[in-house]
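Okay, here's what each chain looks like letter by letter:
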Amino acid sequence: MSERDIRGDVGALPATVCRQLRAVITEAVDNVITHARATRLSVRVEVTDAQVEARVADDGIGPPDPPIYGLGLGSMAARARDLGGSFGFDAAAKGGTIVTWRVPLMSPDQNA
């Protein structure tokens, strides 16, 4: 089962932020499909005046301990960092994994 929740105006995001957001969500969902053995997947995107946040959560086997930052997780973290944001990859309280990607929104010319 999958769930999608979009809050705010995603269409108003600067093109660069939108491209990075799409790539991060695609990678996170691919990781769930490939590695998590999950039965539930949730994707939430929230756009405010100050930031955009994407959260991908599953009920799968959870991240390895210690977490392994390969190409996929490393690229998601770099995409956030390049835009002045943050990236989190954590075990969910009731099992599974939560990926959180946050990027501040600035004037259009700063995020272009």
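Here, every reference points to the structure presented above.
Structural notes, computed from the coordinates. Sequence order sets the numbering: in each chain, residues are counted from 1 along the sequence as written. For this predicted model, a pLDDT threshold of at least 70 governs which residues receive local features, and a threshold of 80 or more governs which side-chain atom pairs are given and counted, while totals over whole chains, interfaces and linings are taken from all residues. Values reported for side chains reflect all heavy atoms of the structure, with hydrogen atoms and water molecules removed beforehand.

1. Description of the overall build of the protein chain
Link 1 in the chain: On a plain count of helices and strands, the protein chain comes out with three helices and five strands.
Link 2 in the chain: Helix and strand labels come from DSSP, where a helix needs a run of H or I of at least four residues and a strand needs a run of E of at least two; each type is numbered from the N terminus. Reading the secondary structure of the protein chain in the N-to-C direction produces β-α-β-β-α-β-β-α.
Link 3 in the chain: Computation of the radius of gyration draws on C-alpha atoms, with the globule rule given as 2.2 Å multiplied by the number of residues to the power 0.38. On C-alpha atoms alone, the protein chain measures out to a radius of gyration of 14 Å, which is about the 13 Å that the 2.2 N^0.38 rule sets for 112 residues.
Link 4 in the chain: Taking the principal axes of the C-alpha coordinates as reference, the protein chain spans close to 40 × 25 × 20 Å.
Link 5 in the chain: By definition, residues are in contact when any of their heavy atoms lie within 4.5 Å. Long-range contacts, defined here as pairs at least 24 residues apart, represent 59% of the contacts in the protein chain between residues at least 6 apart.

2. Concerning the side chain of Thr 16
Link 1 in the chain: Considering the arrangement of structural elements, one finds Thr 16 in helix α1 (residues 15-36).
Link 2 in the chain: When accessible area is computed with a 1.4 Å probe and restricted to protein chains, residues below 20% of their type maximum are described as buried, those above 50% as exposed, and intermediate ones as partly exposed. For Thr 16, a relative accessible area of 14% corresponds to the buried category.

3. Some words on the nonpolar core
Link 1 in the chain: One finds Leu 21, Val 52, Val 56, Phe 87 and Trp 101 to be the most contacted residues of the largest nonpolar core, which totals 27 residues.
Link 2 in the chain: Elements supplying a minimum of two residues to this core: α1, β2 (41-47), β3 (51-58), α2 (71-82), β4 (86-91) and β5 (97-104).
Link 3 in the chain: Residue contributions to this core peak at eight residues, all from α1.
Link 4 in the chain: Discounting chain neighbours no more than four positions away, the residues touching Leu 21 are Val 10, Leu 13, Val 45, Val 52, Ala 54 and Trp 101. Among buried residues, those of type Ala, Val, Leu, Ile, Met, Phe, Trp, Tyr and Cys that are joined through side-chain atoms within 4.5 Å constitute a nonpolar core.

4. What about the layout of surface pockets?
Link 1 in the chain: Volume-wise, the largest pocket comes out at about 370 Å³.
Link 2 in the chain: Put plainly, a pocket is an open set of points on a 1 Å grid over the protein atoms alone with protein on both sides within 12 Å along at least five of seven lines, a cavity is a set where a 1.4 Å probe fits but cannot get out, and a lining residue has an atom within 4 Å of a point. Along the walls of the largest pocket sit 20 residues, with Asn 31, His 35, Pro 64, Leu 73 and Phe 89 positioned nearest its centre.
Link 3 in the chain: Within the residue set of the lining of the largest pocket, elements represented by two or more residues are α1, β3, α2 and β5.
Link 4 in the chain: Element by element, the count of residues in the lining of the largest pocket is highest for α1, at six residues.
Link 5 in the chain: Ten residues, namely Ala, Val, Leu, Ile, Met, Phe, Trp, Tyr, Cys and Pro, are considered nonpolar, four, namely Asp, Glu, Lys and Arg, are considered charged, and the remaining ones, Gly among them, are considered polar. Considered class by class, the residues forming the lining of the largest pocket number twelve nonpolar, six polar and two charged. Grid points are joined across faces, edges and corners, and a volume is the space filled by probe spheres set on the points.

5. A few points about the environment of Val 17
Link 1 in the chain: With respect to the helices and strands, Val 17 occurs in helix α1.
Link 2 in the chain: Its relative accessible area of 0% is what places Val 17 among the buried residues.
Link 3 in the chain: For the pair Val 17 and Ala 78, spaced 61 residues apart in the sequence, the C-alpha separation amounts to 13 Å.

6. Brief notes about the pattern of salt bridges
Between side chains of opposite charge, a pair can form when the charged atoms approach closely.
Link 1 in the chain: Note on definitions: salt bridges are taken to be side-chain nitrogens of Lys or Arg within 4 Å of carboxyl oxygens of Asp or Glu. Taken as a whole and judged by the stated rule, the model has four salt bridges.
Link 2 in the chain: Of the charged contacts in the structure, one is a salt bridge between Glu 3 and Arg 40, with a shortest N-O distance of 3.8 Å. Remark: Arg 40 occurs in the loop between α1 and β2 and Glu 3 occurs in strand β1 (residues 2-7); sequence separation between them is 37 residues.
Link 3 in the chain: Taking relative accessible area as the criterion, Glu 3 reaches 43% and is therefore assigned partly exposed.
Link 4 in the chain: On the basis of relative accessible area, Arg 40 is assigned to the partly exposed category, the value being 40%.
Link 5 in the chain: For Glu 53, the salt bridge identified is with Arg 102, shortest N-O distance 2.5 Å. Pair noted here: Glu 53 is in strand β3 and Arg 102 is in strand β5, with a separation of 49 residues, a long-range link.

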